[in-house]
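Chain by chain, the residues:
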Amino acid sequence: MMRKLLMLGVGVTVVAAPMIAQERDTVRLEPMTVTATRVPVRLSAVTAAITVLYGDDLRRQGIASVADALRLVPGAVTVQSGSFGGTTSLFLRGGESDYTQVLIDGIPVNDPGGSYDFAYLSTANLERIEILRGPGSVLYGSDGVTGVVNLITRDGSGGSRVNGSVRGGSQGSLLFDTELMGRRDGVGYSLGVHRMKSDGAYAFNNRYDNTVFSGRFNVNPDDKTRVD
């Protein structure tokens, strides 16, 4: 049986902008989703079964991979073959692994009619993960028979800031994340680097080394135009 990975770490955030006291009567907006209808809709108004996982919450829990995050979703099963880096498949609501459409910022990433390998995706630089649990073929075609997974990266907001974290643990594991994000003059940006290495879960021949670079830029030249 695979041994569990124990990770301990520290994080630091550097903000390159003056701190502004938040007013006590600040209104919290309802969570929104775009995956269920392809347009922003309040989560409470969606009739489909949808789960939203927030990147900040996942990182606070020490969840470093998207595959581990999806294990929190009702009706979702992720299966990994072997140690870290082994082929990792998602089965939604009992369907085959090629019955789920996988999107990154709305762009399909699995081959038509094929499954997607979640082995290397990290939670670094993710704003949220939206999971539609149930048929999504009307909007997404035959690849969304049992569901849709949409990974949405950070688009930058507020002043420029840098986030960083380092974690280490059993099995010779070391993981670090560095992110730069912000918005200035109508341009939002987020850049991230994630690296993980491990001796693996077995005694020999399964060392793992994974580096992920991610980035997103958006421009708002006016109130009616947006380019990502």
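Presented here is a report on the structure given in the accompanying data block. Just so it is clear, the model here is predicted, and its values are computed rather than measured.

1. Considerations on unusual backbone geometry
Phase 1: Despite not being glycine, Asn 125 has its phi angle at roughly 65°, a positive value.
Phase 2: Relative to the elements of secondary structure, Asn 125 occurs in the loop between strand E8 (107–108) and strand E9 (126–133).
Phase 3: Its relative accessible area of 0% is what places Asn 125 among the buried residues.
Phase 4: At Gln 171, a position not held by glycine, the phi torsion is positive, near 60°.
Phase 5: You can call Gln 171 buried: its relative accessible area is 12%.

2. Some words on the nonpolar core
Phase 1: Ranked by internal contacts, the top residues of the largest apolar core, which has 20 residues, are Val 66, Leu 70, Phe 118, Ile 129, Ile 131 and Leu 151.
Phase 2: For this core, the elements supplying multiple residues, two or more each, are helix H2 (66–70), strand E6 (88–92), E9 and strand E10 (147–153).
Phase 3: Top contributing element to this core by residue count: H2, with 4 residues.
Phase 4: For Ile 129, the contacting residues outside a window of four places in its chain are Thr 51, Val 52, Leu 53, Leu 58, Val 66, Ala 69, Leu 70, Val 149, Asn 150 and Leu 151.
Phase 5: Formed by 5 residues, the second largest nonpolar core is a distinct cluster that contains Ala 64, Leu 175, Met 196 and Tyr 208.

3. Overview of the environment of Ser 81
Phase 1: Note on placement: Ser 81 falls in the loop between strand E5 (76–80) and E6.
Phase 2: Sequence separation of Ser 81 and Ala 119 is 38 residues, and the distance between their C-alpha atoms is 9.5 Å.

4. Here's the deal with the pattern of salt bridges
Phase 1: Using the criterion set out here, one finds 13 salt bridges in the structure.
Phase 2: Two residues, Asp 57 and Arg 60, come together in a salt bridge whose shortest N-O distance is 2.5 Å. With Asp 57 and Arg 60 both in helix H1 (residues 55–60) and 3 residues apart, this pair spans about one turn of that helix.
Phase 3: Residue classification places Arg 60 among the exposed positions, given a relative accessible area of 64%.
Phase 4: With a closest N to O distance of 2.3 Å, Arg 71 and Asp 68 form a salt bridge.
Phase 5: Here the residues in one salt-bridge network are Asp 105, Asp 155, Arg 216, Arg 226 and Asp 228, joined through shared partners.

What counts as what
Residues numbered from 1 in each chain as written. Predicted model: local features only at pLDDT ≥ 70, side-chain atom pairs only at ≥ 80, totals over all residues. Heavy atoms only, no water. Helix = DSSP H or I, 4+ residues; strand = E, 2+ residues; numbered from the N terminus. Buried < 20%, exposed > 50% of the residue type's maximum accessible area, 1.4 Å probe, protein only. Core = buried A, V, L, I, M, F, W, Y, C linked by side-chain atoms within 4.5 Å. Contact = heavy atoms within 4.5 Å. Salt bridge = Lys/Arg side-chain N within 4 Å of Asp/Glu carboxyl O.

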